[in-house]
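# Tertiary structure, described
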Amino acid sequence: MNDEYKSIHEFDVELICQYFASLKRQGPGSPEITIKALSFIDNLNDKSLVADIGCGSGGQTMILAQHAPGNIN
């Protein structure tokens, strides 16, 4: 198989990591959008558990920690 037909699974993962490491966020959105999404959730309290799974470097996790009651996991 020549390079023209390489699948995405054969790409250099290190190259992809280097690209995303230089970005402020590794996903879509912004702090404002995260806060807006949080505003759609009713009844959060100090005992609420919020799962933040597979979310890049955790930019939105930090926003959730500042604005959501309960525990971020």
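Residues numbered from 1 in each chain as written. Predicted model: local features only at pLDDT ≥ 70, side-chain atom pairs only at ≥ 80, totals over all residues. Heavy atoms only, no water.

## Focus on the overall build of the protein chain
- In terms of regular secondary structure, the protein chain is built from three helices and two strands.
- For the protein chain, the succession of helices and strands along the chain, N to C, is α-α-β-α-β.
- Put simply, the protein chain has 73 residues, and 15% of those count as buried.
- Of the contacts made within the protein chain by residues no fewer than 6 positions apart, 44% connect residues no fewer than 24 positions apart.
- Of the accessible surface of the protein chain, which amounts to about 6,100 Å², a share of 58% is contributed by carbon and sulfur atoms. (Helix = DSSP H or I, 4+ residues; strand = E, 2+ residues; numbered from the N terminus. Buried < 20%, exposed > 50% of the residue type's maximum accessible area, 1.4 Å probe, protein only. Contact = heavy atoms within 4.5 Å. Areas by Shrake-Rupley, 256 points an atom, 1.4 Å probe, with all protein chains shown as cover.)

## Here we look at helix 3 (residues 59-67)
- Among all positions in helix 3, only Q60, I63 and L64 are buried. Looking down the long axis of helix 3, one finds its buried residues gathered within 100° of arc, a one-sided arrangement. Among the exposed residues of helix 3, those oriented more than 90 degrees off its buried face are M62 and Q66.
- Looking at the buried side of helix 3, the elements it contacts are helix 2 (31-39), strand 1 (49-50) and strand 2 (71-72). (Arc of directions from axis to C-beta.)

Everything listed here is a matter of coordinates, which is why it stays silent on function.
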